[in-house]
Amino acid sequence: MPRIAAFGGVYANPHALRAVLADARARGCERLFCLGDLGGFGAECDAVWPLLDGVECIAGNYDIAIGRGDTDCGCGYTSERDNQFAQIMYDHTLASTSREFAAWMATLPGELRLELGGLDVHLVHGSPLAVNDFFWESMDEEDARIRVRASGADVLLCTHTGISWQRRIGPTLVLNVGAVGRPENDGTTDVRYAVLDLEDGQATAELVAVAYPWQAQAASMRAAGLPEPFVETIETGWWTTCLEVVPPPERARGRYHVYREAMPTGFAAEDGAGWADAPELEDDGRPVVGLFGTPLFPPRLWLYTNFHCNLACDYCVVASSPTARKRQLTLPRFRDLLDQAQAEGFTELYLTGGEPFVHPDVVTMCEEAAARMPTVVLTNAMLFAKGRRRVDLERLAGLPGLTIQSSVDGSTAALHDAWRGAGSWAAAMDGLRLARELGLPLRVAMTQTPENADDVPRLREVLAGIGIEGDAFTVRPLVARGLAEGAESGVAISDALMVPELTITADGAHWHPVGGDRDASPDFVVATGEVSLAGAKRRIVERFLTLRQADGTLPEAFHCAV
């Protein structure tokens, strides 16, 4: 049974190359193939040359450029920032590679075509289309088939992207063998290569992770004066340079997602709406940042405890009402989400609905949540004075970390009740007064409608009378979703226009709380079912990057909370 090993992207890392070759030989690989890019990223390019004895090599874009003495690597990056980092790498490689090694690189073929185990095996660097073509796992089917048809082989081996994968495209096994010179942006220091078994017209492949003395590689890079972001990748397994070329699915799996210079400085709170105190972006010296925990993806988690409600407000974005499709989070699911929220770095929790205070376990939820992190529960405040709910509210009084947020849409019953129903203003104000008497921290948001647009100053006075003033009151726009779909005064929203705030319901994960209803806002669904918070965050980042790359812009902020 012919067994071969294939790898790419040595990237001037003799320590990893030595470990990979030893591993491949220990596994009984009869032939060893290197798919190019011997230099770049690391410091010791000449040190890899002696190790390649017995290895069949083809040229990558780096080897072609070094062999010719070009002024750049020809990596194929389109981002200015990517190219800046690539130039630093290339300049070091060009200056530190001996002319003898460079001349040897110039003799390497651009591809190999072999008959192995009854199979036509094609080895290229980027793809059959170009030496610097990026053949990603997430590439759409038609584009992938174009590359497979250009090869026509039974087995197509490539590299260049630095992230390994395998998949069958039609009858062809396509295998990106990864890179042995740096880790795969997965948070481990291991590197990867491919082992293939080829026999009787059948091919099977394994992508093998190999540990190596990465500390020695990091030390050599520092000694050579290479920038710290390069060294950090070797030490942590996370890419801190050359990110823009990575497609959203692959980039979302990493820790860092955009260059720091592409981040906005903050969001203005126009007309009193919005979240004015978005978290400051800490400057840790890295050229890149992860999206989560920044103004582009705030670390606040929204949980829809339920969707049924004692009201049927005409502008409810999630179409809650007494007759809404009944679905709610169970207490075990809620507790699991709390555990995940802490593990995933969320710093604020918002409980909403429906009306949370019709959920039988809402008080327990509030108590357990507030013990973990600052928690806000959004309520219409109408049920506080009735029966057991007054007793429940007393349980919450004085609980550190809990805030009650309600909605009041005017200084008079006429203004408020026009959208929320007769008697709702009086009941809400009674509930707020009771909560204030019990010492609960309060916030109020007014949804702006054609009827109450001029009433903001008067409502501020009314709310100040019960101790709700300053930053505890805000105005938010009417959103044309749910029951307010088609409203003339409603604001049209989409995920392309809004910063995400991860929202979990009994149906799944959603982009933002205003799109928390699967039926009213199917375009805001991120995942269905009991998805993990880690998985939902990754999907949001991927969608964010896809939307951002569509026109090169970043979304504006729209926030439900005060």
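Refer to the structure above for everything that follows.
Residues numbered from 1 in each chain as written. Predicted model: local features only at pLDDT ≥ 70, side-chain atom pairs only at ≥ 80, totals over all residues. Heavy atoms only, no water.

Asker: Can you help me understand the nonpolar core in this one?
Answerer: Side chains of nonpolar character tend, in soluble globular proteins, to be buried together. Judged by nonpolar contacts, the single largest core of 84 residues is most densely connected at L301, L303, L349, L432 and L502. Beyond its immediate chain neighbours, meaning those up to four positions away, L432 contacts A381, S406, V408, L442, V444, I466 and I468. If you look at the next biggest cluster of nonpolar residues, it comprises 63 residues, including C29, Y77, A218 and L243. (Core = buried A, V, L, I, M, F, W, Y, C linked by side-chain atoms within 4.5 Å. Buried < 20%, exposed > 50% of the residue type's maximum accessible area, 1.4 Å probe, protein only. Contact = heavy atoms within 4.5 Å.)

Asker: Would you mind going over the sheet that holds strand 5 (residues 119-123) with me for this structure?
Answerer: Sheets are built from strands that pair by backbone hydrogen bonding, the pairs being arranged parallel or antiparallel. Taken in spatial order, the five strands line up as 4-5-6-8-7 in an open sheet, and their pairing is mixed. Looking at the sheet topology across the chains shown, the edges are occupied by strand 4 (112-116) and strand 7 (165-169). The mean inter-strand angle of the sheet, taken between neighbouring strand axes irrespective of direction, is 20 degrees. Pairing geometry for strand 4 and strand 5, over five bridges, is antiparallel. If you follow L112 over to strand 5, its bridge partner there is L123. Together, strand 4, strand 5, strand 6 (155-158), strand 7 and strand 8 (172-176) form the strand contacts of helix 5 (residues 141-151), whose direction differs from that of strand 7 by roughly 80 degrees. (Pairing = 2+ DSSP bridges. Helix = DSSP H or I, 4+ residues; strand = E, 2+ residues; numbered from the N terminus. Axes fitted to C-alpha atoms, helices over the stretch in contact; angles between N-to-C directions.)

Asker: What should I look at first to understand the packing of aromatic side chains in this one?
Answerer: Any two aromatic rings considered together are summarised by their centre-to-centre distance and by the angle between their planes. For the structure on display, the rule yields 16 aromatic pairs. Look at Y62 and Y90: their rings are 5.6 Å apart centre to centre, the planes differ by 55 degrees, and that puts the pair in the tilted class. With Y62 in helix 2 (residues 61-68) and Y90 in helix 3 (residues 80-96), this pair connects stretches of sequence that are 28 residues apart. On the basis of an interplanar angle of 5 degrees and a centroid distance of 5.9 Å, the ring pair of F134 and W136 is categorised as stacked. Take F134 and W136: they sit in the same class, and that class is buried. In this structure an aromatic cluster arises from ring pairing among F41, F85, F230 and Y259. Note that R327 overlies the ring of F307, its terminal NZ or CZ placed 3.7 Å from the centroid. (Phe/Tyr/Trp six-rings, centres within 6.5 Å; stacked < 30°, edge-to-face > 60°. Lys NZ or Arg CZ within 6 Å of the ring centre and 35° of its normal.)

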